[in-house]
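Read off the chains here:
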Amino acid sequence: MGKTGAGLKNIANARVLGLFGDKITTDHISPAGSIKAASPAGAYLMENGVGVADFNQYGTRRGNHEVMMRGTFANIRIRNHMLGPNGKEGGYTIHYPSKEEMSIYDAAMQYKAEGVPLVIFAGVEYGNGSSRDWAAKGTNLLGVRAVVAQSFERIHRSNLVGMGVVPFCFEEGTTWASLNLKGDETVTIEGLDGEIKPREKKIAKITYADGSVKEIPLICRIDTLDEVTYVNNGGILQTVLRDLAA
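Residue numbers here run from 1 along each chain, matching the order of that chain's written sequence. In keeping with the predicted nature of the model, local features appear solely for residues at pLDDT of at least 70, side-chain atom pairs appear and are counted solely at 80 or more, and the whole-chain, interface and lining totals rest on all residues. Hydrogen atoms and water are omitted, and side-chain values are computed over all heavy atoms in the structure.

Caption draft 1: Seen up close, the nonpolar core. If you look at the biggest cluster of nonpolar residues, it comprises 60 residues, and the most contacted ones within it are L17, F73, F121, Y126 and F168. Throughout, a residue-residue contact means that at least one pair of heavy atoms, one from each residue, lies within 4.5 Å. Contact partners of F73, with chain neighbours within four places excluded, come to F20, H28, I29, I78, G91, I104, I120, Y126, T139 and L142. Buried Ala, Val, Leu, Ile, Met, Phe, Trp, Tyr and Cys residues form a nonpolar core when they are joined through side-chain atoms within 4.5 Å. Three exposure classes are used, based on accessible area relative to the maximum for each residue type with a 1.4 Å probe and protein chains only: buried under 20%, partly exposed in between, and exposed over 50%. I35, A41, Y58 and W134 belong to the second-largest nonpolar core, a separate cluster that totals nine residues.

As structure tokens, this is what we get:
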């Protein structure tokens, strides 16, 4: 971490990590329940000598980012609509261009190794329920640069900004379903690397698998000047540390 923030960057040729429905809760995003042996978090614990009987729950291991980032989007009831019209329960996605089905964590790490940024699409009231901080922290650690939803729960939107993840809202009447998104598209959002202002309108360029391109307006839900400072620093923690150092 340098003495000054690098500033917000444009999002170029991002892949879709998930297409989620309405009212995705922070427990869907970052579950607090039991850790399954077959999950990425379970595999990590076993690799480090922890027996299944001692896994306990995500809520008791929230001080360990290795466990919590593997648990992000790992709720057994979350449905990713990239895997069929009704989605598939559990934390699964499809990696592109390989078209391989894998856990959301494994796909995110493969994209990170490939240098590919990620975006998430969702419906109304994304992030409702408790103001679970790991729902935003885990999203950041998976390499998600932006979440595009019809609407956000107030605190989760703020938490995303505090972690350097940019929330965007569709204009009224637009949804990822109305755009016929399947999850195999790439997404580019420009106009983030200059001087941004709260609630500016940005244009997302969506390139479909057949090569066709659609440009859609998005409302950038960085709502205040303080939040502009946060994202330009990479998050609220970096902002506080740089202020203290100064």
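Caption draft 2: Representation of the layout of surface pockets. Two kinds of site are reported from a 1 Å grid over the protein atoms alone, namely cavities, where a 1.4 Å probe fits but cannot get out, and pockets, open sets with protein on both sides within 12 Å along at least five of seven lines, and residues are called lining when an atom falls within 4 Å of a point. Grid points are joined across faces, edges and corners, and a volume is the space filled by probe spheres set on the points. The space that makes up the largest pocket amounts to roughly 380 Å³. Considering the residues around the largest pocket, the lining is formed by 22 residues, among which K36, S39, A74, N75 and I76 are closest to the centre. Classification used: nonpolar for Ala, Val, Leu, Ile, Met, Phe, Trp, Tyr, Cys and Pro, charged for Asp, Glu, Lys and Arg, polar for all others including Gly. In terms of residue class, the lining of the largest pocket is made up of 11 nonpolar, eight polar and three charged. Taken as a whole, the second largest pocket holds about 210 Å³ of empty space. Contributing to the lining of the second largest pocket are 15 residues, with L8, R145, G164, V231 and G234 lying nearest its centre. Working definition: helices are DSSP H or I runs of at least four residues, strands are E runs of at least two. Numbering for both runs from the N terminus. Broken down by secondary-structure element, the contributors of at least two residues to the lining of the second largest pocket are β7 (144–149) and α7 (225–233). Its residues placed into classes, the lining of the second largest pocket shows six nonpolar, seven polar and two charged.

Caption draft 3: Structural detail: the packing of α7 against helix α8 (residues 236–245). Across the interface, α7 lies against α8 with an axial gap of 7 Å and an inter-helix angle of 90°. When the axes of α7 and α8 are compared, the pair comes out roughly perpendicular. Of the residues in α8, those touching α7 at T229, Y230 and N233 are I236, Q238, T239 and R242. Across the contact of α7 with α8, the residue classes tally to two nonpolar, four polar and one charged. Axes here refer to lines fitted to C-alpha atoms; in helices the fit is confined to the stretch in contact. Angles between the N-to-C directions go from 0 to 180 degrees. Angles below 35 degrees are treated as roughly parallel, those above 145 as roughly antiparallel, those between 65 and 115 as roughly perpendicular, and all remaining angles as oblique.

Caption draft 4: Highlighting the sheet that holds strand β9 (residues 186–189). Think of it this way: DSSP has to see at least two bridges between two strands before they count as a pair. If you trace the seven strands once around the closed barrel, you get β1-β6-β7-β8-β11-β10-β9, paired in mixed fashion. Looking at each pair of strands side by side, their axes are set apart by 40° on average, direction ignored. Bridge analysis of strand β6 (residues 118–121) against β7 gives four bridges, and the strand direction is parallel. Considered in β7, the bridge of L118 is made with V144. Set on the sheet, helix α4 (residues 104–114) makes contact with β1 (11–19) and β6; between it and β1 the angle comes to about 170°.

Caption draft 5: Quick peek at the side chain of S103. Within the secondary structure, S103 sits in strand β5 (residues 100–103). Identification of polar contacts relies on pairs of N or O atoms within 3.5 Å, with a donor-acceptor requirement for protein atoms, meaning one able to donate a hydrogen and the other able to accept it, and with residues adjacent in sequence counted only if both atoms are side-chain atoms. At a separation of 3.0 Å, a polar atom in the side chain of S103 contacts the main-chain amide nitrogen of D106. What S103 contacts, discounting residues up to four positions off in sequence, is P40, G91, Y92 and T93.

Caption draft 6: Up close: the pattern of salt bridges. The term salt bridge refers to a side-chain nitrogen of Lys or Arg lying within 4 Å of a carboxyl oxygen of Asp or Glu. On inspection of all chains with the given rule, the structure shows 13 salt bridges. With a closest N to O distance of 2.4 Å, E101 and K88 form a salt bridge. Here E101, found in strand β5, pairs with K88, found in strand β3 (residues 88–89); they are 13 residues apart in sequence, far enough to count as distant. Relative accessible area serves as the criterion here: at 41%, E101 is assigned to the partly exposed category. Judged by relative accessible area, K88 falls into the partly exposed class, the value being 33%.

Caption draft 7: Representation of the state of the cysteines. Working definition: a disulfide is two cysteine sulfur atoms within 2.5 Å of each other. Applying the stated criterion across every chain yields a total of zero disulfides. In this model C169 remains outside any disulfide bridge; the closest cysteine sulfur is found in C220, 9.8 Å from its own.

Caption draft 8: Summary view of the packing of helix α5 (residues 133–141) against helix α6 (residues 154–162). Contact geometry for α5 and α6: axes closest at 9 Å, N-to-C directions at 40°. In terms of axis orientation, α5 runs oblique to α6. In this structure, α5 crosses over α6, and the sense of that crossing is right-handed. Contacts from D133, A135, A136 and T139 of α5 reach α6 at H156, N159 and L160. Each crossing is labelled by how the near helix is turned from the far one, with a counterclockwise turn of less than a right angle marking it left-handed and a clockwise turn marking it right-handed.

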